[in-house]
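# A structural walkthrough
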Amino acid sequence: MPTPPSQIWASAPGGFGQIGCVYTAQGLEFGWAGVIIGPDLLARGGRLVTEREGCKDKDLTRSSVTPEQFDRLIRNTYKVLLTRGLAGVVLYAADPETQEFLSGLVNGSGAG
């Protein structure tokens, strides 16, 4: 079955198992969602920090976006993605330190 166009990927046949982004998932809800936390949001020193160099979204990395705006936009992006799953969400962090930080939050070890 062919992959549907990005505007309807989440609701069309062939969309199951596909990866979307905040622009294609915004406003939709799923039973379960999976979120990959990339190099634009990292755990460092016991807290989450945003990293402009890790972002591939040209709208967020242009020079007119201040560091404060970038931080807010990245955090909002993940907030949107993390709230798409009605039953739950599965997280994966590409960065090992971020994986450990998130695992500590989920397992209640007090990280963060």
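Model, not experiment: these values are computed from the prediction.

## Structural notes on the overall build of the chain
On a plain count of helices and strands, the chain comes out with four helices and four strands. Reading the chain from its N terminus to its C terminus gives the helix and strand order α-β-β-β-α-α-β-α. Considering only contacts within the chain whose residues lie at least 6 apart along the sequence, 54% involve residues at least 24 apart. Summing over all exposed atoms, the chain offers an accessible surface of approximately 7400 Å²; the carbon and sulfur share of this is 57%.

## Comments concerning the nonpolar core
Core analysis: the biggest nonpolar cluster contains 17 residues, and I37, F70, I74, Y78 and L81 have the highest contact counts within it. Counting only elements with at least two residues in this core, the list comes to α1 (22-25), β1 (30-37), β2 (41-44), α3 (67-82) and α4 (96-107). Sequence-distant contacts of I37, that is, excluding residues within four places in its chain, are made with Y78, L91, Y92, A93, A94, T98 and L102.

## Thoughts on the environment of A93
Tracing the backbone through its elements, the reader meets A93 in strand β4 (residues 85-93). The class for A93 is buried, based on a relative accessible area of 3%. Residues A93 and L42 lie 51 residues apart in sequence; the distance between their C-alpha atoms is 8.5 Å. Filtering out sequence-adjacent residues up to four positions away, A93 remains in contact with I37, T98, Q99 and L102.

## So, the pattern of salt bridges
Oppositely charged side chains can form a pair if their charged atoms are brought close together. Summed over all chains, the structure comprises four salt bridges. One salt bridge in this structure joins R44 and D95, with 2.9 Å as the shortest N-O distance. Of this pair, R44 sits in strand β2 while D95 sits in the loop between β4 and α4; the two residues are 51 residues apart in sequence, bridging distant segments of the chain. For D95, a relative accessible area of 17% puts it in the buried group. Between R44 and E97 there is a salt bridge, and its shortest N-O distance comes to 3.5 Å.

## Notes on the environment of V49
Following the sequence through the fold, V49 ends up in strand β3 (residues 47-50). Residue V49 is classed as buried on the basis of its relative accessible area, which comes to 19%. For the pair V49 and I74, spaced 25 residues apart in sequence, the C-alpha to C-alpha distance is 9.7 Å. Once residues lying within four places of it in the same chain are set aside, the contact partners of V49 are D40, L41, L42, R44 and R75.

## Remarks on the pairing of β2
Summarising the sheet, β2 and β3 pair through four bridges and their orientation is antiparallel. Within the sheet, the bridge partner assigned to R44 lies in β3 and is R47. Counted between consecutive antiparallel strands, the loop separating β2 from β3 contains two residues, among which G45 sits at a positive phi close to 60 degrees.

What counts, and at which threshold
Residues numbered from 1 in each chain as written. Predicted model: local features only at pLDDT ≥ 70, side-chain atom pairs only at ≥ 80, totals over all residues. Heavy atoms only, no water. Helix = DSSP H or I, 4+ residues; strand = E, 2+ residues; numbered from the N terminus. Contact = heavy atoms within 4.5 Å. Areas by Shrake-Rupley, 256 points an atom, 1.4 Å probe, with all protein chains shown as cover. Core = buried A, V, L, I, M, F, W, Y, C linked by side-chain atoms within 4.5 Å. Buried < 20%, exposed > 50% of the residue type's maximum accessible area, 1.4 Å probe, protein only. Salt bridge = Lys/Arg side-chain N within 4 Å of Asp/Glu carboxyl O. Pairing = 2+ DSSP bridges.

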